[in-house]
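Here are the chains, one letter per residue:
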Amino acid sequence: MGTVTSRRPGEEVSLRSLSLEPGSPQIAALALAGLLVLTGCGGTAPPQSAPAGAPAAAPPIVRVQPHERWEDAVLYFVIVDRFADGDKGNNNGVDRSAKGTFHGGDLRGLRQQLDELADLGITALWITPVVENIPGFVTGAGFPDWGYHGYWADDFYAVDRRFGSEEELKALVDDAHARGIEVLLDVVYNHAGYDSRYTTDPPYKGWLRTEGLGTCGQDDLTSCVSGLPDFKTELPEVRDYLLKAHIDRAKRTGLDGFRLDTVKHVSHEFWQEHRRRVNAELGEDFFLIGEVWGGDAQSLDPWFAGDEMDAGFDFSFQGSVLAWVQGRGRTVAFDRYLKSREKVRPGYLLSPYLSSHDVPGALFQLGGDRELFRLAAILELTAQGLPMIYYGEEVGRPGGDWPDNRSDMPWGDREIQPGAGKPRDEALRTDYKKLIAIRRAHKALSRGTHTGLSSDGDLLVFLRRDEAGGDAVVVAVNRGTQPATASFEAPADWGDVPVKDEWSGEDVPRSGGRIEVAVPPHGARILARKTT
Ligand SMILES: [Ca+2]
Ligand SMILES: [Ca+2]
């Protein structure tokens, strides 16, 4: 171990050239209200054919309207190895029958499926780390467990050939940008992989606290998380080495931000220096979203207070939502919880999610009940913050507890490995697509305040309102098994115009300012001023 040298294999370049650029009048006209368009054809007209003798036109691509601000974004998280295999030539040691092995997904495969993500409507993509990971496996979990997830670095200066190359990372970023999607790369500053070169090679001597040396500390900053060697980020040479690796790669590849791993295990001083370096070298728009285990509006605040990151994952959301949709806890308490999420420091964002690679998936926790899962998805995509969708949950990937929560992306009858043949729930995906479009069409949902309108029994009715934009949306969710009726005064922003349920597409009758609408069992309404 530790004998592999840094490498830059591959000569891949961006494959596509575009006929329309972001911000063009055509795109603006076609991308109204966050709806999707096909470049050059507006979704209806056929692509124009190239004149005889001219190079063949690039095939149409699916575009989203880019988010204006991060609070309007919808984030999608992919484990690169488990998503799509675009290069069989790098499938060293791939064994799709085992849970802890590499399954062959790579940057090229993900790049080939960007239209799938653009069609869903997401505006930002978070991918797992792509640095070279340890060449072998560990067995502490009771089975061979490899660095397919990317968090066990062996060389921060090399892209792991099992994921592709830095050129392919840049091509992914370029092609995502062409579709209106920003890309966040997961980076680790806290630790190296088990028995990595950093624990053995002379240049790095003294850089790590390890179990082997007996130097792991007892506190958050100096302990060896999961037994992993802990970088002494208090040493200037260690800081410089790690900062340069990640920041220079971001500069070379055009990344839009980082997802920061294990934030609470590295000092605030480090993260403040990180921000200074990022601002200086990548610009103040470079987005930082961090994983503080257990993070919520209150516990993330120390990192927001120092402007160490722009956003943090909201670990409170999954449990609160899943409990409520399953009938646990009073509706009024859940409404108070949703309101409490506004307590985040102004200018900073919480990122709610239903599933991730570190917790059992929501659908699994709901015993596979897709009606309740839909309610949870409705609550996520109508909630404040930057919603994160974990790959495959939009098509009903079963998930499960670790490591089943990292299973292959289901591709149904499409010949895309490693998840070819795994069933997809296309109806669920259609619902996700609709929810994302509704959220993107209504700034009230992404930027608005939360006001509870009623919380009797199993029916929750709340208002999201963006005062600056004059937009208001009323969401009614019935977790019960009996029909319910939502009854409320129409928000003043609606004026006298008719009201529409954006979720069902139905018109909703109103009598003056009063609205009464039935909400089916395990059903929902997303009500707004009718505009079309
Ligand atoms: Ca591959
Ligand atoms: Ca540490």
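Residues numbered from 1 in each chain as written. Chains lettered and ligands numbered in written order. Predicted model: local features only at pLDDT ≥ 70, side-chain atom pairs only at ≥ 80, totals over all residues. Heavy atoms only, no water.

*Asks:* Run through the coordination of the calcium ion (ligand 1), naming residues and quoting values.
*Replies:* Around the calcium ion (ligand 1), the donor atoms from the protein are Asp85 (OD), Asp87 (O), Asn90 (OD1), Asn91 (OD1), Gly104 (O) and Asp106 (OD), and they sit 2.3 to 2.5 Å away. Metal-centred angles of 60 to 173 degrees between the six donor atoms at the calcium ion (ligand 1) mark the site as irregular. Expressed as a motif, the donor residue spacing for the calcium ion (ligand 1) is D-x1-D-x2-N-N-x12-G-x1-D. Classification of Asp87 by relative accessible area gives buried; the value is 19%. (Donors = N, O, S within 2.8 Å, 3.2 Å for Na, K, Ca; no water. Tetrahedral: all angles 85-135°; square planar, octahedral: opposite > 155°, others 65-115°. Buried < 20%, exposed > 50% of the residue type's maximum accessible area, 1.4 Å probe, protein only.)

*Asks:* Give me the sheet that holds strand S9 (residues 182–187): which residues, what numbers.
*Replies:* Strand order in the open sheet formed by eight strands is S15-S14-S13-S12-S9-S4-S3-S16, and the pairing between neighbours is parallel. The open sheet has two edge strands with one neighbour each: strand S15 (349–352) and strand S16 (388–390). Each strand of the sheet is rotated relative to its neighbour by a mean of 25 degrees, with strand direction disregarded. Inspection of the sheet shows S9 paired to strand S12 (residues 257–260) by four bridges, in the parallel sense. (Pairing = 2+ DSSP bridges. Helix = DSSP H or I, 4+ residues; strand = E, 2+ residues; numbered from the N terminus. Axes fitted to C-alpha atoms, helices over the stretch in contact; angles between N-to-C directions.)

*Asks:* Go over the coordination of the calcium ion (ligand 2) with me, naming the residues and quoting the values.
*Replies:* Surrounding the calcium ion (ligand 2) are the protein donor atoms Asn190 (OD1), Leu221 (O), Asp230 (OD), Asp230 (OD) and His265 (O), which sit 2.2 to 2.9 Å from the metal. Within one chain, the residues serving as donors to the calcium ion (ligand 2) are arranged as N-x30-L-x8-D-x34-H. Classification of Leu221 as partly exposed rests on a relative accessible area of 35%. For Asp230, a relative accessible area of 0% corresponds to the buried category.

*Asks:* Give a detailed account of helix H13 (residues 426–441), specifying residues and quantitative values.
*Replies:* Between the first and last C-alpha of H13 there are 22 Å, a value that for 16 residues agrees with the 22 Å anticipated at 1.5 Å per step. Looking at H13, one finds that the buried residues are Leu428, Arg429, Asp431, Tyr432, Leu435, Ile436, Ile438, Arg439 and Arg440. The N-cap of H13, judged by a side-chain oxygen 3.1 Å from the amide nitrogen of Ala427 a few residues on, is Asp425. (Expected span 1.5 Å × (residues − 1). Polar contact = N/O pair within 3.5 Å; in protein donor to acceptor, adjacent residues only side chain to side chain.)

*Asks:* Which residues make up the nonpolar core, and what values go with them?
*Replies:* Ranked by internal contacts, the top residues of the largest apolar core, which has 135 residues, are Tyr76, Phe83, Ile127, Tyr189 and Phe258. Counting residues per element, this core draws most heavily on helix H12 (residues 370–381), which supplies eight residues. Excluding residues that lie within four positions of it along the chain, Ile127 makes contacts with Val78, Val80, Leu107, Leu110, Leu169, Leu172, Leu184, Leu185 and Asp186. Residues Leu459, Ala490, Val519 and Leu527 belong to the second largest nonpolar core, which totals 17 residues. (Core = buried A, V, L, I, M, F, W, Y, C linked by side-chain atoms within 4.5 Å. Contact = heavy atoms within 4.5 Å.)

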